[in-house]
Amino acid sequence: MLRAIGKTTPLLMESILKKTLSLSACSPKRFVIKDHFDFDKKVINSDLPIIVNFHAEWCEPCKILTPKLTELLEDNPDIDLAIIDVDTNIDLVHLFEVSAVPSILAFRNGVVVDKFIGLVDANKIEELIEKLLRKKRI
């Protein structure tokens, strides 16, 4: 594979690079929050709106909701998705008064602007995404 790349023309390499970059720009930024410091850095200080998914590995509805969130955000590079495991981030659970999982909080400029609890249909998630996008345009 490396030998083949070495023989490509600069124009072909530029084309490959542009396609790779354009594909990566379309994929959602999805990341796992490790601790409170990580949360502050990636969510509170973010320039983009972020949907925060408080979930647990043992939670069956979470196993359905997380892939659905990822799928619905796939075509939207303007909103990030942060995943927080409630069992390893007790301080964040208490701080945001998470009483059930899954719990979804929508952040803009470090502030919670909307939330919902439990497994919801795709329409509810799409409304949340649209609300975050609408606020960005204002």
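A brief report on the enclosed structure follows.

Parameters and conventions
Residues numbered from 1 in each chain as written. Predicted model: local features only at pLDDT ≥ 70, side-chain atom pairs only at ≥ 80, totals over all residues. Heavy atoms only, no water. Helix = DSSP H or I, 4+ residues; strand = E, 2+ residues; numbered from the N terminus. Buried < 20%, exposed > 50% of the residue type's maximum accessible area, 1.4 Å probe, protein only. Disulfide = S-S within 2.5 Å. Phe/Tyr/Trp six-rings, centres within 6.5 Å; stacked < 30°, edge-to-face > 60°. Pairing = 2+ DSSP bridges. Axes fitted to C-alpha atoms, helices over the stretch in contact; angles between N-to-C directions.

**Digging into unusual backbone geometry**
Trans is the prevailing form of peptide bonds, just as negative phi is the prevailing case for residues other than glycine.
Now for step 1: In this chain, Val101 is followed by Pro102 through a cis amide linkage whose omega measures -5°.
Now for step 2: Residue Glu97 is not a glycine yet carries a positive backbone phi of 50°.
Now for step 3: Structurally, Glu97 is set in the loop between helix H5 (90–95) and strand E4 (103–108).
Now for step 4: Overall, the relative accessible area of 68% leaves Glu97 in the exposed class.
Now for step 5: Positive phi is not limited to glycine here, since Asn109 has a value of about 55°.

**Some points on the state of the cysteines**
Now for step 1: Following the criterion strictly, the structure yields 1 disulfide and no others.
Now for step 2: In this model Cys59 forms its disulfide with Cys62; the gap between the sulfur atoms is 2.4 Å. Note on the Cys59 and Cys62 pair: the S-S dihedral is about 80°, so by sign convention the disulfide is right-handed. In this structure, Cys59 and Cys62 share a single accessibility class: buried.

**Describing the packing of aromatic side chains**
Now for step 1: Applying the stated rule across the entire model yields 4 aromatic pairs.
Now for step 2: An angle of 50° between the planes, with centres 6.3 Å apart, marks the rings of Phe54 and Phe96 as tilted. You can see Phe54 sitting in strand E2 (residues 50–55) and its partner Phe96 sitting in the loop between H5 and E4, a full 42 residues away along the chain.
Now for step 3: An aromatic cluster is present here, built from Phe39, Phe54, Phe96 and Phe107 joined pairwise through their rings.

**Quick look at the sheet that holds E2**
Now for step 1: If you trace the 5 strands from one edge of the open sheet to the other, you get E1-E3-E2-E4-E5, paired in mixed fashion. Of all strands in the sheet, those with a lone pairing partner are strand E1 (30–32) and strand E5 (111–117), marking the two edges. Across the sheet, the mean angle separating the axes of adjacent strands is 20° when strand polarity is ignored.
Now for step 2: With 3 bridges connecting them, E1 and strand E3 (residues 80–85) associate as parallel partners.

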